[in-house]
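Structure at a glance
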2 protein chains.
Amino acid sequence: MLKEYLKASKAWTESYLASLLESPNAEYAKLYESMRYSLLMGGKRIRPILTKAVMESLGVSPEPYKEIVCAIELIHTYSLVHDDLPAMDNDDYRRGSLTNHKVYGDGLAILAGDGLLTYAFQLMCQNKVATPSQQLQCVLALAKAAGPEGMVGGQAFDLESEGRHIPLEELQVLHRGKTGALFLAAIEIGLILSKATPEVQASYRTYGDQLGLLFQITDDILDVTGTIEDLGKMPGSDEKQDKSTYVSELGEKGARTKANETAKAAKVALANVDGDTTILEALVDYLVHRTN
Amino acid sequence: MLKEYLKASKAWTESYLASLLESPNAEYAKLYESMRYSLLMGGKRIRPILTKAVMESLGVSPEPYKEIVCAIELIHTYSLVHDDLPAMDNDDYRRGSLTNHKVYGDGLAILAGDGLLTYAFQLMCQNKVATPSQQLQCVLALAKAAGPEGMVGGQAFDLESEGRHIPLEELQVLHRGKTGALFLAAIEIGLILSKATPEVQASYRTYGDQLGLLFQITDDILDVTGTIEDLGKMPGSDEKQDKSTYVSELGEKGARTKANETAKAAKVALANVDGDTTILEALVDYLVHRTN
């Protein structure tokens, strides 16, 4: 059942994303092409799907709020484009295709990232159904999560820590910024658009915290156990770069134990919620068993 | 009189900017340091001053709206940090100091730019005085101006056009994006916060269009006639890079004529406005005669 849900939700997200970013003139056409290249390269679309699933679990249709629900995927895409640059992770492949800068050059890749990031906020403001107050709360949640207090902070700390063995406590700060903040924002946006009560919000936030952590632990495990076919990129890049990961800190078995504990905590958080949280719980299992 | 106004407004802007961007933890300290390095490097602060001057000309105090008025300077700063990167203009100096990437490395400079850009939107949402609807309009105006339809589009077109001689018409598209859009947004934001009527808005927008153009023409002239002391960077970089400019297209004298015509059009646009537009008109003359 989850498999069909994910497939349908991914298709829902991607058909909307494909309708975006048409160049307003011939002069900017190359920039728009490069933005679309990375935005439509595929991927799990897990962040907008998470927002969608939160809304549906609380009985609210995401359909009228597409701009706001899908904007987070533009932010995620921009972060990958910049992360792949030679000055950062220096990756040639992403999802089985050449990375943005390998196709368009470093300069345009930087600008494509800048463009995707900025356009995400434009898109959120252009929804006509949410109240201005809801929209503003969503923009704020996304900006805080994506910016220096969140994802950019985590990325910078990651960059600074390369080649240094960092203790588990710092690793958690790193990932709470780098991955967790955006996962949490996906949930927050769903809660804002669903007008959830503070009590419900607290339960979902705990779920979101654990889900983000789980995503990162399984990411680290996949970098050791995954195949190039499944991942669409070379495994083993963390070890090559001598990066601290949950696997390097806890061992593969320890990391799996941590993943299972985290998965359990995520499910427990939703135990007392009134709505239908079947999909959100199945998402946890999906992350535990994912192969890419 | 304008000189004192600019000095006081610059001080007003900079004392607010200096209060921003304290790192929330030790792990992100380097990122925040690099963002502050570029944000507090000086500069004319012309964009927030423009918003401030528009509001004051319409009888509205900018003081309660500092977050919204000053956010544009974070966007401008991010654009310089990314523009200076080796993959873009490859500049070592800016305002007489080393550029961000020369101090912090290319990776952190990319992230500092990303952080400044994202934080600008967070900041705008954090103002407590404007209505949600006003705030949302301001975020939208800034995102449109800064994003792929505006500044990022212009930058990308500029990058694509390097070494190619582009005709005057395309040059105007380029600069309307690269410089003009953000100038216009500075004015729009002032109009939104002042609740200006559509008629007043139209006059100010024409003024803003011409002012942005004037800024670019005088920028091109300064690249030929300016000194390293005044500019804080090497003049002649446009010619070195074989860039099309108003000077290369019209000659120095032709560019000066164009600057004077544009200045006149900017002033004419404000002729029938009710408010006190003395400062806004003086700003036009200031741009015509600027040495940096």
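An account of the accompanying structure is given in this report. (Residues numbered from 1 in each chain as written. Chains lettered and ligands numbered in written order. Predicted model: local features only at pLDDT ≥ 70, side-chain atom pairs only at ≥ 80, totals over all residues. Heavy atoms only, no water.)

A word on the packing of aromatic side chains. Within this structure, the stated rule accounts for five aromatic pairs over all chains. Relative to Y104 of chain A, the ring of Y37 of chain A has its centre 5.6 Å away and its plane inclined at 70 degrees; by these criteria the two rings are edge-to-face. With Y37 of chain A in helix α2 (residues 29-39) and Y104 of chain A in helix α5 (residues 100-104), this residue pair connects regions lying 67 residues apart in the sequence. With a relative accessible area of 24%, Y37 of chain A lands in the partly exposed category. For Y104 of chain A, a relative accessible area of 14% corresponds to the buried category. One cation-aromatic arrangement involves R290 of chain B over F215 of chain B; the distance from NZ or CZ to the ring centre is 4.1 Å. (Phe/Tyr/Trp six-rings, centres within 6.5 Å; stacked < 30°, edge-to-face > 60°. Helix = DSSP H or I, 4+ residues; strand = E, 2+ residues; numbered from the N terminus. Buried < 20%, exposed > 50% of the residue type's maximum accessible area, 1.4 Å probe, protein only. Lys NZ or Arg CZ within 6 Å of the ring centre and 35° of its normal.)

A few words on the state of the cysteines. Under the definition given, this model contains zero disulfides over all chains. Unpaired in this structure, C70 of chain B has its nearest cysteine sulfur neighbour in C138 of chain B, at a distance of 13 Å. Among the residues examined, C70 of chain B registers a relative accessible area of 0% and is labelled buried. Here C125 of chain B stays unpaired: no disulfide links it, and the sulfur of C125 of chain A, its closest cysteine neighbor, is 7.6 Å away. (Disulfide = S-S within 2.5 Å.)

The subject of this paragraph is the packing of helix α8 (residues 151-161) of chain A against helix α9 (residues 168-194) of chain A. Residue and element names in this part refer to chain A. At a minimum axis distance of 7 Å, the contact between α8 and α9 shows a crossing angle of 140 degrees. In this view, α8 runs oblique relative to α9, as classed from their interaxial angle. For the pair α8 and α9, the sense of crossing is left-handed. Facing α8, whose interface residues are M151, G154, Q155, F157 and D158, α9 presents E170, L174, G177, K178, A181 and L182. (Axes fitted to C-alpha atoms, helices over the stretch in contact; angles between N-to-C directions. Parallel < 35°, antiparallel > 145°, perpendicular 65-115°, else oblique. Left-handed = near helix turned anticlockwise from the far one by under 90°. Contact = heavy atoms within 4.5 Å.)

A few words now on the pattern of salt bridges. Residues and elements named next belong to chain A. Going through the model one piece at a time under the given rule, you end up with 26 salt bridges over all chains. D92 is the partner of K102 in a salt bridge, and the nearest nitrogen-oxygen pair spans 3.9 Å. Of this pair, K102 sits in helix α5 while D92 sits in the loop between α4 (66-83) and β1 (93-94); the two residues are 10 residues apart in sequence, bridging distant segments of the chain. Residue D92 is classed as partly exposed on the basis of its relative accessible area of 33%. The network of salt bridges with shared partners includes K10, E14, R45 and E73. (Salt bridge = Lys/Arg side-chain N within 4 Å of Asp/Glu carboxyl O.)

We now examine the relation of the copies chain B and chain A. With an RMSD of 0.0 Å, the fit of chain B onto chain A corresponds to turning through 180 degrees and sliding 0.0 Å along the axis. This pairing of chains is accounted for by a two-fold axis. When C-alpha distances to the rotation axis are compared across chain B, the minimum falls at P132 of chain B, with a value of 2.7 Å. Counting the interface residues of chain B, we find that 100% of their copies in chain A are interface residues as well, pointing to one common contact surface. (Least-squares fit on C-alpha atoms with pLDDT ≥ 70 in both.)

Here we take up the nonpolar core. Inside soluble globular proteins, nonpolar side chains tend to come together where they are buried. In terms of nonpolar packing, the biggest core is built from 194 residues, with I75 and Y207 of chain A together with I75 and Y207 of chain B touching the most fellow members. Excluding its chain neighbours within four sequence positions, the residues that come into contact with Y207 of chain A are L50, I187, A266, A269, L270, L280, L283 and V284 of chain A. (Core = buried A, V, L, I, M, F, W, Y, C linked by side-chain atoms within 4.5 Å.)

Moving on: the side chain of N127 of chain A. Residue and element names in this part refer to chain A. Residue position: N127 is located in the loop between α6 (106-125) and α7 (132-146). Only 2.8 Å separates the side chain of N127 from the side chain of E67, close enough to count as a polar contact. From its side chain, N127 meets the backbone nitrogen of V129 in a polar contact 2.8 Å long. Ignoring any residue separated from it by four or fewer positions in sequence, one finds N127 in contact with P64, Y65, E67, I68 and Q135. (Polar contact = N/O pair within 3.5 Å; in protein donor to acceptor, adjacent residues only side chain to side chain.)

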